[in-house]
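The primary structure of each chain is shown beneath.
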Amino acid sequence: MSGNSYYVYILRCTGGSLYTGITTDMARRLAEHTGGGKKGAKYTKNHTPEAVAALWRVENRSVASRLEWYIKQLTRREKLLLCETPEQLALRTGTEAEAIALSAVPCPASEISCASAQSKADAQGM
């Protein structure tokens, strides 16, 4: 993929909720979500991100926006399943969405965890 890649991500937030978005710079976007500034999403101001649950790289904004829309249509259970098996996104949608290992995600100073959403869901009995 070219240097103009976009990323589609799912964040696990306080209360176990999930937030989906797109960006060109994951580290910057995480800092915006957790920093409480004007650039973070309205949703993450009240539901603080705790972990990156899943992350995919795609070739352009058009593909990223389509995948974001697709993910937002899924049920919570389907999203959690997708976080467990991120490679399924490309298979389900017929896109070249490359699943990124969460260990490769640079986390901002807020120290949010780059771990699977399922681990917390399991602890909560979901």
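All values reported here derive from a predicted model rather than from experimental measurement.

Draft legend 1. View of the overall build of the chain. Per the secondary structure count, the chain includes six helices and four strands. In sequence order, the chain lays out its α and β elements as β-β-α-α-β-α-α-α-β-α. Burial statistics for the chain: of 126 residues in total, 44% are counted as buried. A total accessible area of about 6600 Å² is found for the chain, and carbon and sulfur atoms account for 50% of it.

Draft legend 2. Geometry of helix H3 (residues 61-73). Here H3 spans 18 Å end to end across 13 residues, near enough to the 18 Å set by a 1.5 Å rise per residue. What H3 keeps buried is the set Val 63, Ala 64, Leu 67, Glu 68 and Ile 71. The arc enclosing the buried residues of H3, seen along the axis, measures out at 135°, which places them on a common side. On its buried face, H3 sits against strand E1 (6-13), strand E2 (18-23), strand E3 (49-58), helix H4 (76-84) and helix H5 (88-93). Capping the start of H3 is the job of one residue whose side-chain oxygen sits 3.1 Å from the backbone nitrogen of Ser 62: Asn 60.

Draft legend 3. Fine view of the side chain of Glu 32. Among the structural elements, Glu 32 can be located in helix H1 (residues 26-35). Polar side-chain contacts of Glu 32 include one of 2.8 Å to the side chain of Arg 29.

Draft legend 4. Representation of H4 within the structure. All buried positions along H4 are accounted for by Lys 79, Leu 80, Leu 82 and Cys 83. One side of H4 carries all its buried residues, which in axial view fall inside an arc of 160°.

Draft legend 5. How the structure looks around the environment of Asp 25. Relative to the assigned elements, Asp 25 resides in the loop between E2 and H1. Through-space distance from the C-alpha of Asp 25 to that of Tyr 6 is 7.7 Å; in sequence the pair is 19 residues apart. A polar contact is formed between the side chain of Asp 25 and the backbone nitrogen of Ala 27, at a distance of 3.3 Å.

Draft legend 6. Molecular detail of the packing of aromatic side chains. Taken as a whole and assessed by the stated rule, the structure comprises two aromatic pairs. Between Tyr 9 and Tyr 19 the ring centres are 6.3 Å apart and the planes differ by 40°, which places this aromatic pair in the tilted class. Here the residue Tyr 9 occupies a position in strand E1, and Tyr 19 occupies one in strand E2, the gap between them amounting to 10 residues. Here Tyr 19 and Tyr 43 contribute two aromatic rings whose centre-to-centre distance is 6.0 Å and whose plane-to-plane angle is 15°, an arrangement assigned as stacked. Taken together, the residues Tyr 19 in strand E2 and Tyr 43 in helix H2 (residues 42-46) connect sequence positions 24 residues apart. Relative accessible area serves as the criterion here: at 15%, Tyr 19 is assigned to the buried category. Taken together, Tyr 9, Tyr 19 and Tyr 43 form an aromatic cluster joined through their ring pairs.

So, how was this worked out
- Residues numbered from 1 in each chain as written.
- Predicted model: local features only at pLDDT ≥ 70, side-chain atom pairs only at ≥ 80, totals over all residues.
- Heavy atoms only, no water.
- Helix = DSSP H or I, 4+ residues; strand = E, 2+ residues; numbered from the N terminus.
- Buried < 20%, exposed > 50% of the residue type's maximum accessible area, 1.4 Å probe, protein only.
- Areas by Shrake-Rupley, 256 points an atom, 1.4 Å probe, with all protein chains shown as cover.
- Expected span 1.5 Å × (residues − 1).
- Arc of directions from axis to C-beta.
- Contact = heavy atoms within 4.5 Å.
- Polar contact = N/O pair within 3.5 Å; in protein donor to acceptor, adjacent residues only side chain to side chain.
- Phe/Tyr/Trp six-rings, centres within 6.5 Å; stacked < 30°, edge-to-face > 60°.

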